[in-house]
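Secondary and tertiary structure notes
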Amino acid sequence: MNKRVLLLVNVGTANKPEKKDVKRYLTQFLNDARVIDLPWLIRKILVNLIIIPFRAGKSTALYKRLWNSEGSPLLVNLNKLVEKIQIRLEDKYRVIGAMRYGNPSLINVLKKLEKENIDHITVLPLFPQYASSTTGSVIENFFKITGKWNNIPAIRIVGQFYYHSSFIGSFVKRIAVFKPDTFDHIIFSYHGLPLSQIDKVHPMVKSNKCDCDKQMPPHGSNCYRATCFETSRLLIGKLNINSEKTTVAFQSRFSKNWLNPFTDEVIVNLAKKGFKRILVVSPSFVADCLETIVEVNDYKTLFKKYGGEEMVLVPSLNDDDLWADGIVNILDS
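So, here is what we can say about the structure in this document. Only a predicted model underlies this, so the values are computations on that prediction, with no experimental measurement involved.

What follows concerns the overall build of the chain. Each helix and strand counted, the chain has 11 helices and 8 strands in total. Over its C-alpha trace the chain gives a radius of gyration of 20 Å, about what one expects of a compact globule, namely 20 Å for 333 residues. Each principal axis of the C-alpha distribution contributes one length, and for the chain these read about 65 × 50 × 45 Å. Of all 333 residues assigned to the chain, the portion counted as buried reaches 53%. Within the chain, residue pairs in contact and separated by at least 24 positions form 75% of the contacts whose partners lie at least 6 positions apart. For the chain, the exposed area adds up to about 15600 Å²; of that, 53% sits on carbon and sulfur atoms. The chain carries 46 positive and 32 negative side-chain charges, and their two centres are separated by 6 Å.

The full count for this structure, using the stated rule, is 14 aromatic pairs. Look at F161 and F167: their rings are 5.5 Å apart centre to centre, the planes differ by 75 degrees, and that puts the pair in the edge-to-face class. By the burial criterion, F161 is buried, and F167 matches it. Centre to centre, the rings of Y162 and Y163 are 5.0 Å apart; their planes meet at 85 degrees, and the pair counts as edge-to-face. A relative accessible area of 7% means that Y162 is categorised as buried. Members of the aromatic cluster, each reached through a chain of ring pairs, are Y25, F29, Y63, W67 and Y101.

Here the focus is the sheet that holds strand 3 (residues 120-125). The strand order across the open sheet built from 4 strands is 2-1-3-4, with neighbouring strands paired in parallel fashion. Looking along the sheet, the strands with just one partner apiece sit at the ends: strand 2 (94-102) and strand 4 (154-157). Averaged over all pairs of adjacent strands, the angle between strand axes in this sheet comes to 25 degrees, irrespective of strand direction. In this sheet, strand 2 lies alongside strand 1 (residues 4-13) in parallel orientation, the contact comprising 8 bridges. Bridging from a neighbouring strand, V5 pairs with R94 of strand 2. Its contacts with the sheet put helix 3 (residues 73-89) on strand 1 and strand 2, and the angle it makes with strand 2 is roughly 160 degrees. Lying on the sheet, helix 5 (residues 132-146) is in contact with strand 1, strand 2, strand 3 and strand 4; it crosses strand 4 at an angle near 175 degrees.

Here we take up the sheet that holds strand 8 (residues 310-313). Taken in spatial order, the 4 strands line up as 6-5-7-8 in an open sheet, and their pairing is parallel. The open sheet has two free edges, formed respectively by strand 6 (246-251) and strand 8, since each of these has just one partner strand. With strand direction ignored, the average angle separating the axes of adjacent strands in the sheet is 25 degrees. The pairing of strand 5 (residues 185-191) with strand 7 (residues 277-281) spans 4 bridges and is parallel. Counterpart to H185 in the pairing with strand 7 is I278. Against the sheet, helix 9 (residues 263-272) engages strand 5, strand 6, strand 7 and strand 8, with an angle of about 165 degrees to strand 5.

Right, let's get into the environment of I267. Relative to the helices and strands, I267 is located in helix 9. A C-alpha to C-alpha distance of 7.6 Å links I267 and L302, two positions 35 residues apart in sequence. Ignoring anything within four residues of it in the chain, the contact list for I267 reads I187, I278, Y299, F303 and M311.

Conventions we followed
What you see as residue numbers is a count from 1 along each chain, following the sequence as written. Reporting in this predicted model follows two pLDDT cut-offs: at least 70 for local features of residues, and 80 or more for side-chain atom pairs to be given and counted; totals over whole chains, interfaces and linings ignore these cut-offs and use all residues. To get the side-chain values, all heavy atoms of the structure are used, and hydrogens and water are removed first. Only DSSP runs of H or I with at least four residues qualify as helices, and only runs of E with at least two residues qualify as strands; both kinds are numbered from the N terminus onward. Atoms considered for the radius of gyration are the C-alpha atoms alone. The globule rule reads 2.2 Å times the number of residues to the power 0.38. Remark: exposure states derive from per-residue accessible area (1.4 Å probe, protein chains only) relative to the maximum for the residue type, with buried under 20%, exposed over 50%, and partly exposed in between. It only takes one pair of heavy atoms within 4.5 Å for two residues to be counted as in contact. Accessible surface area values rest on a Shrake-Rupley calculation with a 1.4 Å probe, where residue burial reflects the displayed protein chains alone. Charge counting treats Lys and Arg as positive and Asp and Glu as negative, with His and both chain ends excluded. Working definition for charges: the position is that of NZ of Lys, CZ of Arg, CG of Asp or CD of Glu. By convention, a stacked pair of Phe, Tyr or Trp rings (six-membered ring in the case of Trp) has centres within 6.5 Å and planes under 30 degrees apart, an edge-to-face pair has planes over 60 apart, and any other such pair is tilted. We treat two strands as partners when DSSP finds at least two bridges between them. Note on method: axes are straight lines fitted to C-alpha atoms, helices fitted across the in-contact stretch only, with angles between N-to-C directions ranging 0 to 180 degrees.

Take a look at the structure:
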């Protein structure tokens, strides 16, 4: 049995689009102190007595819309990607997929690996831009578990890859198929985060006074906001499109104190200004999920409501062959 493991980790999904399964998933996800970084007691009350009881039903309805004949797209695409990368790596690594929340859980995967006396583990969280609530949570959980092992293997962490030519190239190919220069405007829509989490990365420079929307600042290498803007600049450069025809925006917000501009508001404003055709790209997701398949697609109705005619979403990388090659390149770099 191969003693070298490549562990691909994504955020997770409910086991089934049923209320009890969604509730279980949300309980695990939202109780993570890195996701909702409030004092323990406040977080427990807010999550378990307010958010989950009121949100579980609505979230279940969304999961029912997300599900297809194969199951949850996030998990289906992870499994397909693992198979393709395994073929490419042959016997150099054993490739395993895991989820930070839900199944196959990172905890259970690591429990099995502990028994196998593994020599080396490379952990690749599938989040292009580092954030404490995603990559940070995976890394913390990983070391919390493996730190208790008797035999701790050699460990490598791939913290982020937004700048890697293989990631950028894979997304450029995806976008180019849609002939972006034929659209009136292009939105690069990233998952939102609370401004408070961004400010913790560089407390000396508040996010609302940072110029990372124009250039990568010295303090921005591990800042989610800065790396999102840099990702967009890299994509725009490779696509050779006019940056004036693009907007970086943030979706999935819980309050006004999150990263902005907000994607839905940008879409409404574009429609009101007379833009008829817009293209949306979501480069913080390497696999289509609830936030792209359901949330972003729902923006199409919003766009048409205010006068727009066509909004097109570029599919994520999923199990694309070029992306499977890309991960191997990232691994080798």
